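So you can see what is in the structure, the chains are spelled out below.
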Amino acid sequence: MPTWKEKLAGRMDPQIAEEVDVFETQIALRKAGKMDEKVFAETRLRRGCYGQRYDNGHRHDGVRTQQLEFPSDLTKGPETFWDAPGMQRIKIPFGGLNPDQLDTLAELAEEYSDGILHVTTRQDFQLHYVHIEDTPNIMRRLAAVGITTREACGNSVRNVTACPIAGVCRSESFDVTPYAKAAAKFMLGHPDAQGFGRKFKIAFSGCREEACGLTSLHDVGCIAATRSENGNEKRGFEVYVGGGLGAVPQQAKLMNDFVAEDELLPLIQSIGRVFARLGEKKNRAAARLKFLITKLGLDEFRRLVDEERKILPADSRWSSYIPDVARYQESPKHGPTHLNGQQRPEGFEKWHLTNVYRQRQEGYAAAAITLPLGDLTAAQARQVANLARRFTGDNLRTTVEQNILLRWVSEADLPDLYRELGRAGLGEPGAGTILDVVACPGTDTCKLGIASSRGLAGEIRSRLSERLFALDESVRNLHIKISGCFNSCGQHHIADLGFYGTSRTIANRKIPHFQVVLGGKWQDNAGAYGLAIGTVPSKRVPDVIDSITARYVRERKGTETFQAFIKRIGKQECRAMIEPFMEVPAYEKDRSIYSDWGDPREFTIGDMGVGECAGEVISVSQFDLADAERLVFDAQLQLEHENYTQADSLAYRAMTQAAMALVKTQFIDVGDNADVIVAEFRSRFFDTGLLGDRYAGNKFAEYLFRRHDSPPQEHTIDQAHRIIEEAQLFIEATYACHDSLAERGARGMVVAPVHSGKAAGKL
């Protein structure tokens, strides 16, 4: 029986075919013990082969950690067993794909994974539960239909994203699709993009006002712009740099207000070269482009990029694609016809209201297929491919909201399309509404997930689906985004209602929690980032959403937006809204709070006894940590009132308070002198590695040291915003360290009895 390599010979790009052969050899070398596991780990990451939860062979069953048995002891990276299931990420530049490609993806999902295709917030696809030895054949079959997994992960240029309605949008300056495609092709495997210390993300948008491109959260964001020169319209881009979410989010800053189209690729290449040369390499926590720009200053960064551009060797690819831009167009399957007079099936009107976008081309529409949690089955993928062939031609796009868009649907075909989607189980309305909750993989498959983002998203979706059209219109169009941890893969910072997973330990039991993030803005290409106002148990989050949205409807002034409403009532009131949901009932009264959505296991760390006098036992350090949380919240209030100096001071105090809380577990008399606290903290928790974890290391401690050693000379909104984010993450790290010490039964942990009526959940 011929192998896939033999069957597909001559159907793959020769260079890609050779690269896959090399990767297959590297797999064999690692399997034979002739390739270092760390080198192999980075090698597979650059091929999109990512680790998956439990691949270290450990799984906690709610009571104790159980050992998972795998066929061999071989590893594919540090603490990553060879035979453990992994994830394969697949790049889809600007989200564009055709029906044949979708058919191939369906086959791969069925044959090599769990039968599910997952659309990500970067318009990629992901297959989960894949064995590493199957990946070369997956790559060959993808290459045969023009798809690559190269540089889908690792320190490389990730998938280039773009507005999914580019080319059919009614308000864009021009179609950015060919430019996004050219940038993705040009930077793929480019020698100047191989020396990065971290990932590098590029996005394109056709306008400033909408959210589709989310350019403000990218390393390089390109917004279409035109200007008139000698009576002729000239195309170009506004170029923003240094954006990013993650632990410490930063909004991109305008670097050039107009870059001519033929200068776009050399500019991106120049930025890449400066980033590769001067970007941080050793400390991953400070290795993104945003940190380099902060360190250098935007003006100096711009000067370095300009100097780099002057010495770039000329490359014909910079402009060779431009003559084809004018000829670029998509071919619809059917001619333009209007919807008027067509028979409309039951449910069509609601679906049409939320899922259909009228294209700027008369008689055509783009129809969104709502994918709950970004998932579709292999069978559904084949049905979508067939519907695309029947109704749209080759015009499919994935979206950053984890849906699929069918473009160029003749309006008269919409009723038939809706009927067919319904038969495939894909006819749900609600695309782009509060029902369309975005969530990262979280604890389902991600190694870093703390709480179940997908479980929570599913519960919210279930509760809202029945009453979506009964909701006030102002609420219906809000956005909810959820991340399983602070890393913001679910993009919680830019949501109207954002949440990220964390945990708290109360009365010696772990409880899944989510930080509530308000103040983010989805529109204007991710125009503002929200801040966390407090943490609530996971099981209380749906009630928090109901409470906040109900108050918004009651107290909204005229056409006031949700973001304006949150700003008007202020952080103090926002905090007051969630406080009733922060309390945690005793385990004996409500055990459901002690487990996560969709997971029957308890978060308990086991029975550790009950305090005297029928009271719960809470450590002195927990009181100090709670005070640190209060201080960082006060810092937010000062930021809100534009008192940046005070905000900085309070955030710094919050960090020293949290550091003191940990020091007190070993040295109760540390006192309140900041120099002493920081010195003791450094020697006891930083130098010893007690604070760090396997993924984040000690990076959060460095936030404290940097602020302590180098107070800011200038207080700005960006500086205050950043230190508040850093303080919040440092406090989370101290909580995790405290809990870890408690689990290990650290000696000398000082505890104090408190009355049973204490609102422990507010710690």
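Residues numbered from 1 in each chain as written. Predicted model: local features only at pLDDT ≥ 70, side-chain atom pairs only at ≥ 80, totals over all residues. Heavy atoms only, no water.

K.L.:
Tell me about the overall build of the protein chain, residues and numbers included.
P.N.:
What the protein chain contains, in helices and strands, is 23 helices and 26 strands. Against the 2.2 N^0.38 benchmark of 27 Å for 763 residues, the protein chain shows a C-alpha radius of gyration of 26 Å, consistent with a compact globule. In terms of principal-axis extent, the alpha carbons of the protein chain reach across some 80 × 60 × 60 Å. Residues classed as buried in the protein chain amount to 59% of the 763 residues present. (Helix = DSSP H or I, 4+ residues; strand = E, 2+ residues; numbered from the N terminus. Rg over C-alpha atoms; globule rule 2.2 N^0.38 Å. Buried < 20%, exposed > 50% of the residue type's maximum accessible area, 1.4 Å probe, protein only.)

K.L.:
Give a description of the confidence of the model for the protein chain that names residues and reports values.
P.N.:
Per-residue confidence for the protein chain gives a mean pLDDT of 89, with 94% of residues at or over 70. Mean pLDDT per element in the protein chain: strand β26 (residues 751-753) is the minimum at 40, and helix α4 (residues 99-112) is the maximum at 98. Throughout residues 746-763 the model reports pLDDT below 50, and contacts reaching past four residues in sequence, or to other chains, amount to 47 contacts. (pLDDT = per-residue confidence, 0-100. Contact = heavy atoms within 4.5 Å.)

K.L.:
Describe the environment of Ala252, and please don't skip the residues or the numbers.
P.N.:
Along the chain, the position of Ala252 falls in the loop between β13 (232-241) and β14 (253-260). Residue Ala252 is classed as buried on the basis of its relative accessible area of 12%. Remark: the alpha-carbon pair of Ala252 and His218, spanning 34 residues in sequence, is separated by 6.7 Å. When sequence neighbours within four positions are dropped, the list of residues in contact with Ala252 reads Thr215, Ser216, His218, Tyr240, Val241, Gly242 and Gly243.

K.L.:
Just give me the short version of the sheet that holds strand β22 (residues 497-506), but keep the residues and values in it.
P.N.:
Ordered by their spatial adjacency, five strands build an open sheet running β20-β21-β22-β23-β24, and the pairing between neighbours is mixed. The open sheet terminates on both sides in strands that have one partner only, identified here as β20 (438-439) and β24 (531-537). Examined bridge by bridge, β20 and strand β21 (residues 480-483) share two bridges and lie parallel to one another. If you follow Val438 over to β21, its bridge partner there is Lys481. Along the sheet, helix α17 (residues 541-555) makes contact with β21, β22, β23 (509-518) and β24, crossing β22 at roughly 135 degrees. (Pairing = 2+ DSSP bridges. Axes fitted to C-alpha atoms, helices over the stretch in contact; angles between N-to-C directions.)

K.L.:
How would you sum up the environment of Pro600? Please name residues and give values.
P.N.:
Here Pro600 is to be found in the loop between α18 (562-578) and β25 (617-619). Judged by its relative accessible area of 79%, Pro600 falls in the exposed class.

K.L.:
Help me get a handle on the side chain of Ser452, residues and values and all.
P.N.:
Relative to the assigned elements, Ser452 resides in the loop between β20 and α14 (453-465). Residue classification places Ser452 among the buried residues on the basis of a relative accessible area of 4%. A distance of 3.4 Å separates the side chain of Ser452 from the backbone oxygen of Trp597, its partner in a polar contact. Sequence-distant contacts of Ser452, defined by excluding residues within four places in its chain, comprise Thr443, Asp444, Phe514, Asp596 and Trp597. (Polar contact = N/O pair within 3.5 Å; in protein donor to acceptor, adjacent residues only side chain to side chain.)

K.L.:
I'd like a description of helix α22 (residues 699-709), backed by residues and values.
P.N.:
The buried fraction of α22 is high, at eight of 11 residues. Residues of α22 that are buried: Lys699, Phe700, Ala701, Tyr703, Leu704, Phe705, Arg707 and His708. Elements in contact with the buried residues of α22: α20 (644-664), α21 (674-686) and α23 (717-743).

K.L.:
Give a detailed account of helix α6 (residues 177-187), specifying residues and quantitative values.
P.N.:
Of all 11 residues in α6, nine are buried; the element is thus mostly enclosed. Of all the residues in α6, the buried ones are Thr177, Pro178, Tyr179, Ala180, Ala182, Ala183, Ala184, Phe186 and Met187. The inward-facing, buried residues of α6 contact β10 (161-162), β11 (202-205), β13, α7 (264-278), α10 (322-325) and β18 (396-398). Backbone geometry just downstream of α6 places Gly189 in the positive-phi region, at approximately 70 degrees.

K.L.:
Tell me about the nonpolar core, and please be specific about residues and values.
P.N.:
Ranked by size, the top nonpolar core spans 57 residues in total, and within it Phe200, Ile202, Phe204, Phe237, Ile271 and Phe301 carry the most contacts. Sorting elements by how many residues they give to this core places α7 first, with eight residues. With residues near it in sequence (within four places) discarded, Ile202 still touches Arg122, Val157, Asn159, Val160, Thr161, Met187, His218, Val220 and Ile268. Core analysis: the second largest hydrophobic core is formed by 48 residues, Leu531, Ala647, Tyr735 and Leu741 among them. (Core = buried A, V, L, I, M, F, W, Y, C linked by side-chain atoms within 4.5 Å.)

K.L.:
Quick one: what's the story with the pattern of salt bridges, residue by residue and with numbers?
P.N.:
Inspection of the entire model under this criterion finds 52 salt bridges. A salt bridge links Glu428 to Arg461; the shortest N-O distance between them is 2.7 Å. Here Glu428, found in the loop between α13 (414-423) and β20, pairs with Arg461, found in helix α14; they are 33 residues apart in sequence, far enough to count as distant. For Asp546, the salt bridge is made with Arg467, and the minimal N-O distance between the two is 3.0 Å. Of the two residues, Asp546 sits in helix α17 while Arg467 sits in the loop between α14 and α15 (473-476), which places them 79 residues apart along the sequence. Here the salt bridges do not stand alone but share partners, grouping Lys5, Asp21, Glu24 and Arg140 into one network. (Salt bridge = Lys/Arg side-chain N within 4 Å of Asp/Glu carboxyl O.)

K.L.:
Now, about the packing of α6 against α7: what can you tell me, with residues and values included?
P.N.:
Where α6 contacts α7, the axes come no closer than 10 Å and their chain directions differ by 45 degrees. The angle between α6 and α7 places the two elements in the oblique class. Between α6 and α7 the crossing geometry is right-handed. Residues Ala182, Ala183, Phe186 and Met187 of α6 touch α7, and the partners they reach there are Leu265, Ile268 and Gln269. Grouping the constituent residues of the contact of α6 with α7 by class yields six nonpolar, one polar and no charged. (Parallel < 35°, antiparallel > 145°, perpendicular 65-115°, else oblique. Left-handed = near helix turned anticlockwise from the far one by under 90°. Nonpolar A, V, L, I, M, F, W, Y, C, P; charged D, E, K, R; others polar.)

K.L.:
Could you give an account of the packing of α20 against α23, with specific residues and numbers?
P.N.:
Interaxial distance between α20 and α23 falls to 9 Å at its minimum, and their mutual angle equals 15 degrees. Relative to α23, the element α20 is oriented roughly parallel. Of the two possible hands of crossing, α20 and α23 adopt the one that is left-handed. Across from Tyr644, Ala647, Asp648, Ala651, Tyr652, Ala654, Met655, Ala658, Ala659 and Leu662 in α20, the residues of α23 making contact are Ile717, Gln719, Ala720, Ile723, Ile724, Glu726, Ala727, Phe730, Ile731, Thr734, Cys737 and His738. Split by residue class, the contact of α20 with α23 holds 17 nonpolar, three polar and two charged.

K.L.:
I'd like a rundown of the sheet that holds strand β15 (residues 356-358), residues and numbers included.
P.N.:
Read from one edge of the open sheet, five strands run β7-β18-β19-β16-β15, paired in antiparallel fashion. The outermost strands of the open sheet, each flanked by one partner alone, are β7 (96-97) and β15. With five bridges joining them, strand β16 (residues 364-369) and strand β19 (residues 404-410) adopt antiparallel strand pairing. In the sheet register, Ile369 faces β19, and the bridge partner there is Ile404.

K.L.:
Which residues make up the packing of aromatic side chains, and what are the values?
P.N.:
What the rule picks out here adds up to 25 aromatic pairs. On the basis of an interplanar angle of 80 degrees and a centroid distance of 5.5 Å, the ring pair of Phe174 and Phe237 is categorised as edge-to-face. A residue pair is termed long-range when its members are at least 10 positions apart, and Phe174 in the loop between β10 and α6 and Phe237 in strand β13 qualify at 63 residues. For the residue pair Phe174 and Phe237, the accessibility class agrees, reading buried in each case. Their ring planes at 50 degrees and their centres at 5.3 Å tell us that Tyr552 and Phe565 sit as a pair that is tilted. (Phe/Tyr/Trp six-rings, centres within 6.5 Å; stacked < 30°, edge-to-face > 60°.)

K.L.:
Break down unusual backbone geometry for me, citing the residues and quoting the values.
P.N.:
Positive phi outside glycine occurs at Glu151, with the angle close to 60 degrees. For Leu214, which is not glycine, the phi torsion reads 50 degrees and is therefore positive.

K.L.:
Which residues make up the pairing of β24, and what are the values?
P.N.:
Burial of β24 is extensive: seven of the seven residues sit out of reach of the surface. Relative to β24, β23 runs antiparallel, the two sharing six bridges. Paired with Gln515 across the bridge in β24 is Thr535.

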